[in-house]
Amino acid sequence: MTRRLTVLREAWPLAEAFTISRGTRTEAVVVVVEIEQDGRIGRGECVPYPRYGETVENVMAAIRGLEPDLAQGMDRETLRAKMPAGAARNAIDCALWDLEAKLSGIPAAQTVGLAPPTSVTTAYTISLGTPEAMFKSAHKAQSRPLLKVKLGGEGDLERIAAVREAAPNSVLIVDANEAWSEAGLAESVTACAKAGVALIEQPLPAANDEALRGGDFPVPICADESLHVAADLEGLRGRYDAVNIKLDKTGGLTEALATLKLAEDLGFQVMIGCMVGTSLAMAPALLLTGAAAFVDLDAPLLLAKDREPGLVYEGSIIRGYDGALWGGTA
């Protein structure tokens, strides 16, 4: 067996600036892994995330550090044991899934035992801004059935009200990205309930979310930054009603499958989410969506241009599943 590893940095301009509580970006910078064996190439994509101490440079270095192991045929389970969860492992893991599909002639969806989705409704993200700016964005997107609203702390009550006024018929998810305080939690949750919000993501910092334990909140609370891998789930019981599973946090599809199964067993609602990347990063996550109460795989809609071939979006609907992009046999 001879394998060749290629690690690429790619920058994909966004259609417009994207802002959350931690900052603003104008492009999606991703790392792509290609593993070639017997004339076939498996690909995976990850998004290094500074919140978790990741940079493009240290992620690429971590991937290249496993080049000898990959050349000798390291499989996904060995990878999961040898490398910590995070973006680097995600790109390698997904590349190995894609390579296996191409070498075996068995699509990744069949290997994991999940039917490829034919139609999935994704949330569409409203970037953090002034209430006036968010009103305009939400009004423009008011025909979309599910909106994810980025919040940031001070001024959020006005932002929530503005978005609800602009999109009266959309289901709303709000994502505070750890920006709320324990002191203002009750008021913020009450405002969300008044606006008919269906889910609140990560209201408090992950290091301070014990304050959520035993809270009788009128809106379900979802863990994002507080959840990375399956082993985290038991400790989230009593604090969260739902969990957001992202492959860049779990370190790939392999761990995401284990996390999804345990989350279901423990009674959590599940969201399948993403970082801001291309369709190559969305495709493996799409296999998990059949079990999800909420899907947030809209990142390609935020790009000025997606890679080709890419997923097909019709409004907020992701149509079909293209194995030529990832996980197919060709």
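See above for the structure.
Here is what the cut-offs are and how they apply
Residues numbered from 1 in each chain as written. Predicted model: local features only at pLDDT ≥ 70, side-chain atom pairs only at ≥ 80, totals over all residues. Heavy atoms only, no water. Phe/Tyr/Trp six-rings, centres within 6.5 Å; stacked < 30°, edge-to-face > 60°. Buried < 20%, exposed > 50% of the residue type's maximum accessible area, 1.4 Å probe, protein only. Lys NZ or Arg CZ within 6 Å of the ring centre and 35° of its normal. Core = buried A, V, L, I, M, F, W, Y, C linked by side-chain atoms within 4.5 Å. Helix = DSSP H or I, 4+ residues; strand = E, 2+ residues; numbered from the N terminus. Contact = heavy atoms within 4.5 Å. 1 Å grid on protein atoms, 1.4 Å probe; cavity = no way out; pocket = protein on both sides within 12 Å on 5 of 7 lines; lining within 4 Å. Points joined across faces, edges and corners; volume = space filled by probe spheres on them. Nonpolar A, V, L, I, M, F, W, Y, C, P; charged D, E, K, R; others polar. Salt bridge = Lys/Arg side-chain N within 4 Å of Asp/Glu carboxyl O. Arc of directions from axis to C-beta. Pairing = 2+ DSSP bridges. Axes fitted to C-alpha atoms, helices over the stretch in contact; angles between N-to-C directions.

(A) The arrangement of the packing of aromatic side chains in detail. Summed over all chains, the structure comprises one aromatic pair. Residues Tyr49 and Tyr52 carry aromatic rings whose centres are separated by 5.3 Å and whose planes lie at 55 degrees to one another, so their mutual orientation is tilted. Overall, the relative accessible area of 9% leaves Tyr49 in the buried class. Against the face of Tyr124 rests Arg144, its NZ or CZ located 4.1 Å from the ring centre.

(B) Structural view of the nonpolar core. Counting 81 residues, the largest nonpolar core has Trp180, Ile200, Val243, Leu297 and Trp326 as its most contacted members. The greatest single-element share of this core, amounting to six residues, is contributed by helix H12 (residues 279–286). Ignoring anything within four residues of it in the chain, the contact list for Trp180 reads Leu151, Gly153, Asp156, Leu185, Ser188, Val189, Cys192, Ile200, Pro203, Leu204 and Pro205. Within the second largest apolar cluster, 23 residues are counted, among which are Leu5, Val7, Ile35 and Met60.

(C) Region of the structure containing empty space enclosed by the protein. Counting across every chain of the model gives two cavities of 30 Å³ or more. Estimated volume of the largest cavity: approximately 210 Å³. In this structure, the largest cavity is lined by 21 residues; those nearest its centre are Phe18, Lys150, Cys274, Met275 and Val276. Elements that contribute at least two residues to the lining of the largest cavity include exactly strand S1 (3–20), strand S6 (146–150) and helix H13 (299–302). In terms of residue class, the lining of the largest cavity is built from nine nonpolar, two polar and ten charged. Taken as a whole, the second largest cavity holds about 100 Å³ of empty space. Of all the elements in the fold, those that place two or more residues in the lining of the second largest cavity are helix H10 (247–250) and H12. With three residues, the top contributor of residues to the lining of the second largest cavity is H12.

(D) Representation of the pattern of salt bridges in the model. Within the structure shown, the criterion is met by 22 salt bridges. The shortest N-O distance in the salt bridge between Arg80 and Glu77 comes to 3.0 Å. Here the residue Arg80 and the residue Glu77 both occupy positions in helix H3 (residues 76–82), the gap between them amounting to three residues, near one helical turn. A residue is classified by how much of its surface remains accessible, and Arg80, at 27% relative accessible area, is partly exposed. With a shortest N-O distance of 2.8 Å, Asp296 and Lys148 are connected by a salt bridge. A residue pair is termed long-range when its members are at least 10 positions apart, and Asp296 in the loop between strand S12 (294–295) and H13 and Lys148 in strand S6 qualify at 148 residues. You'll find Asp296 and Lys148 in the same group, each marked buried. Taken together, the shared-partner salt bridges connect Lys148, Lys150, Asp175, Glu201 and Asp296 into one network.

(E) Structural view of helix H8 (residues 185–194). Buried within H8 we find Leu185, Ser188, Val189, Ala191 and Cys192. Seen along its axis, H8 keeps its buried residues to an arc of 155 degrees; they face one direction. Opposite the buried face of H8, by more than 90 degrees, sit the exposed residues Ala186, Glu187 and Lys194. Tucked inside the fold, the buried residues of H8 contact helix H7 (156–166), strand S7 (171–175) and strand S8 (199–201).

(F) Molecular detail of the environment of Trp180. You can see Trp180 is positioned in the loop between S7 and H8. Residue Trp180 is classed as buried on the basis of its relative accessible area, which comes to 5%. Measuring from C-alpha to C-alpha, the distance between Trp180 and Arg64 comes to 38 Å, with 116 residues separating the pair along the chain.

(G) Here's a closer look at the sheet that holds strand S13 (residues 312–314). The three strands lie next to each other as S4-S14-S13, forming an open sheet whose pairing is antiparallel. Bordering the open sheet on either side are strand S4 (119–121) and S13, each of which pairs with just one other strand. Between one strand axis and the next, the sheet turns through 30 degrees on average, direction left out of account. Summarising the sheet, S4 and strand S14 (residues 317–319) pair through three bridges and their orientation is antiparallel. Its bridge partner lying in S14, Ser119 is registered against Arg319.

Nothing here speaks to function; it is geometry throughout.
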